[in-house]
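Read off the chains here:
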Amino acid sequence: MDELLSIKGLSVAAGGVTLFSGLDLRLATGEMVAVCGPSGSGKTSMLRAVAGLSDPAEGTVLLRGSTPGETGWPEYRRSVLFMDQRPVLLQGTVRTNLSLPFTYAVNRERAFPEEEAAALLETFGVSSARMDQEARSLSQGQQQRVCLVRAFLVRPEVLLLDEPTSALDQDAISSVETILVEETRKRGLSALVVTHDKAQAERLCDRILNLSDYGASGEGR
Amino acid sequence: MVINLSPWDVAISAALILVSAGISIALGLKMEKRLAYASIRTVVQLLLVGFVLQRVFEINTVIALLPVVLFMLVIAAHTASGRPAFRFRGMGMLSFSVMTVTSLGVTITATGLIIGVEPWFRPSYLIPLLGMVLGNTMNGVSLATDHFLESVKEKGHEIEMELALGATRWEAARRPVAEAVRRGMIPIVNSMMVVGVVSLPGMMTGQILAGSDPTVAVKYQIMVMFLIAAGASMGAMGMVLFSYRKLFNCRHQLLGSILSRR
């Protein structure tokens, strides 16, 4: 498999405290890697640093051999797309939120794929009839599904998912997990999935990265 | 001709305040001390200003004008940057620079170009005009900055969501920027909507009391409203745009952590 994303010597600090250091990871096209670790080990910070939303203390991230600066930060983030643990939707309808990325210069060559959006909503268990409903009036679980649909519509190459099923009921987790894996595989995407649930990591991903192996003191490396 | 006021005339107006203070005492409102303090401050501040302005008008040079203008700008900048709930390093200096360029720029355009005062810095024109422009710019700047910084702090997750989807820093910030500038403009737009209908503006009233033809006073007032609107809008836009540049770096990252609550 081709090497798509390469993380070299990544160290992340918060408030002057190093959360982890010396992290190397190569993510191949179509590969799904789970990121596990106890709370406070820097899982979310790692995804944010990989997405370029915050600077790492050290290290580089390369997409197809290019730094985000060479690729262009908006272009890079569209390709390496971070999704927050909380569903974040703006005030407006589901349609407004799904079409939001297509108002950006980085997507100017693509119009909002309305039919694909409706189909994906149905796939994720949200009726496409809700397209004109106020997005924030949906349940938290449905908002999270809308966020997943929005992420897929952007057609990234790598998904950075932070606890992607955290807002879902226990009953819904398994069905969304299945759809998530199916859509990711079908589209040939790679993914880094942060989860505190080891069983979920095993169900979703090809391999598991344990961040505590890269703790500040370097123990267990 | 203006009818001059004797100290006795002023004392009679002060007697009206005494009536208010008496009512406050009778009803136990405990407002009398504050009222007395505010009245004393009004007298002292205005007498001082009158004395300083008289001297500056007599000297009529840029050197005499400069300390007054500088004092006005420093106080206005300090007040504008002191009101927002959040702040960042260098905000006071930024506020001073923005207000100097916008308020002073607008005022000098008025004295030098529109009114054509000779010389352009004649203190009897420049100081009152600057005072009116600066007061409104200060309000516009502080309202807009407060709203922008609060939006960035409270809705940072929405801005970062947009950045994560591929938005540029400007695309992610444009909503809070536009809303902040709109908020900063509300007071002056409201005043422009009702000027002359709900209340007669102070400057126009002053000119009429001083014996000016009302049509001249009206023309001056229209000009002043435009100066104030220009100063307040440019000040609000300038401050919000420079704050935006402070809060987003060239890697299109939001630097929310540079904001601290007062």
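Refer to the preceding data block for the structure.
Thresholds, definitions, all that
Residues numbered from 1 in each chain as written. Chains lettered and ligands numbered in written order. Predicted model: local features only at pLDDT ≥ 70, side-chain atom pairs only at ≥ 80, totals over all residues. Heavy atoms only, no water. Helix = DSSP H or I, 4+ residues; strand = E, 2+ residues; numbered from the N terminus. Rg over C-alpha atoms; globule rule 2.2 N^0.38 Å. Buried < 20%, exposed > 50% of the residue type's maximum accessible area, 1.4 Å probe, protein only. Contact = heavy atoms within 4.5 Å. Areas by Shrake-Rupley, 256 points an atom, 1.4 Å probe, with all protein chains shown as cover. Lys, Arg positive; Asp, Glu negative; His and termini not counted. Charge placed at Lys NZ, Arg CZ, Asp CG, Glu CD. Buried area = accessible area lost by both parts, 1.4 Å probe. Polar contact = N/O pair within 3.5 Å; in protein donor to acceptor, adjacent residues only side chain to side chain. Pairing = 2+ DSSP bridges. Axes fitted to C-alpha atoms, helices over the stretch in contact; angles between N-to-C directions. Salt bridge = Lys/Arg side-chain N within 4 Å of Asp/Glu carboxyl O. Expected span 1.5 Å × (residues − 1).

Participant: Provide a residue-level description of the overall build of chain A, including the pertinent values.
Facilitator: Across its full length, chain A holds 8 helices and 8 strands. For a compact globule of 221 residues, the expected C-alpha radius of gyration is about 17 Å, and chain A comes in at 17 Å, within 12% of that figure. By principal-axis analysis of the C-alpha atoms, chain A measures approximately 50 × 40 × 35 Å. By residue count, 54% of the 221 residues in chain A fall in the buried class. Partitioning the contacts of chain A with sequence separation of at least 6, the portion at a separation of at least 24 is 71%. Counting every atom, chain A has about 9300 Å² of accessible surface; 46% of that belongs to carbon and sulfur. Computing the positive centroid from 23 side-chain charges and the negative centroid from 29, chain A places the two 2 Å apart.

Participant: Lay out the overall build of chain B in plain terms, naming residues and giving numbers.
Facilitator: The number of helices and strands found in chain B is 9 helices and 2 strands. What you see in chain B, going N to C, is helices and strands ordered as α-α-α-β-α-α-α-α-α-α-β. Overall, chain B is about 70 × 55 × 40 Å in size when its C-alpha atoms are taken along their principal axes. Across the 262 residues in chain B, those meeting the buried criterion constitute 39%. Considering only contacts in chain B between residues 6 or more positions apart, those separated by 24 or more positions represent 71%. Carbon and sulfur atoms make up 70% of the accessible area of chain B, which totals about 14600 Å². Distance between charge centres in chain B, computed from 22 positive and 13 negative side chains, equals 6 Å.

Participant: Account for the interface of chain A and chain B, with residues named and values stated.
Facilitator: One frequent convention defines the size of an interface as the accessible area lost when the parts assemble. On the side of chain B, 19 residues touch chain A, which itself brings 25 residues to the contact. Roughly 1900 Å² of surface becomes buried between chain A and chain B when both sides are summed, with 55% attributable to carbon and sulfur atoms. Three residues, A:Leu53, A:Arg77 and A:Tyr104, lead the burial of chain A against chain B; their summed loss comes to 29% of the area buried on that side. At the boundary of chain A and chain B, one finds 9 residue pairs in polar contact (both at pLDDT 80 or more). Of all the secondary-structure elements, those providing two or more residues to the side of chain A that touches chain B are α3 (73-79) and β5 (80-83) of chain A. With 4 residues, α3(A) is the single largest residue contributor to the side of chain A that touches chain B.

Participant: Requested: an account of the sheet that holds strand β4 (residues 58-63) of chain A, with residues and values cited.
Facilitator: To summarise the sheet geometry, strands pair through backbone hydrogen bonds and adopt either a parallel or an antiparallel arrangement. Residues and elements named next belong to chain A. Judged by pairing direction, the sheet is antiparallel, and its 3 strands sit side by side in the order β2-β1-β4 without closing on themselves. Unpaired on one side and paired on the other, β2 (17-28) and β4 mark the two borders of the sheet. The sheet shows a mean angle of 15 degrees between the axes of neighbouring strands, direction not considered. Judged from the 5 bridges that link them, strand β1 (residues 3-14) and β4 form a sheet pairing that is antiparallel. Pairing of Lys8 across the sheet is with Thr60, part of β4. Along the sheet, helix α1 (residues 43-51) makes contact with β1, β2 and β4, crossing β1 at roughly 125 degrees.

Participant: Would you mind going over α1(A) in detail, with residue names and values included?
Facilitator: Where α1(A) is concerned, the buried positions are A:Lys43, A:Met46, A:Leu47, A:Ala49, A:Val50 and A:Ala51. Where α1(A) terminates, the next one or two residues include A:Gly52, which has phi positive at roughly 80 degrees.

Participant: Could you give an account of the sheet that holds strand β6 (residues 158-162) of chain A, with specific residues and numbers?
Facilitator: Residue and element names in this part refer to chain A. With parallel pairing, 5 strands are arranged side by side in an open sheet as β5-β6-β7-β3-β8. Two strands lie at the open edges of the sheet, namely β5 and β8 (207-210), each paired on one side alone. Here the average twist between neighbouring strands, direction ignored, is 20 degrees. Both strand β3 (residues 32-36) and strand β7 (residues 190-194) contribute to a ladder of 4 bridges, which runs parallel. Within β7, the residue paired with Val33 across the bridge is Leu192. Relative to β5, helix α6 (residues 140-153) is tilted by about 175 degrees, and along the sheet it contacts β5 and β6. Most of the contacts of helix α7 (residues 170-186) go to β3, to which it runs at about 135 degrees, and overall it touches β3, β6 and β7.

Participant: Explain the pattern of salt bridges to me, and be specific about the residues and the numbers.
Facilitator: When the charged atoms of two side chains lie near each other, side chains of opposite charge can form a pair. This model, assessed by the stated rule, comprises 20 salt bridges over all chains. In this structure, A:Glu183 engages A:Lys186 in a salt bridge whose closest nitrogen and oxygen atoms are separated by 3.2 Å. One end of the pair is A:Glu183 and the other is A:Lys186, both in helix α7 and 3 residues apart, which spans about a single turn. Across the pair B:Arg175 and B:Glu162 runs a salt bridge, and its minimum N-O distance is 2.9 Å. Here B:Arg175 is found in helix α7 (residues 169-194), whereas its partner B:Glu162 is found in helix α6 (residues 156-164), with 13 residues between them in sequence. Judged by relative accessible area, which is 40%, B:Arg175 ranks as partly exposed.

Participant: Describe α6(A), naming the residues involved and giving the relevant values.
Facilitator: An α-helix turns once every 3.6 residues. As a result, residues three or four positions apart point the same way. Residues and elements named next belong to chain A. Counted at 1.5 Å a residue, the expected span for α6 with its 14 residues is 20 Å, and the 20 Å between its end C-alpha atoms agrees. Across the 14 residues of α6, 13 count as buried, placing the element largely inside the fold. Once α6 ends, the next one or two residues include Arg155, with phi positive near 55 degrees.

Interpretation in functional terms is not warranted from these geometric data alone.
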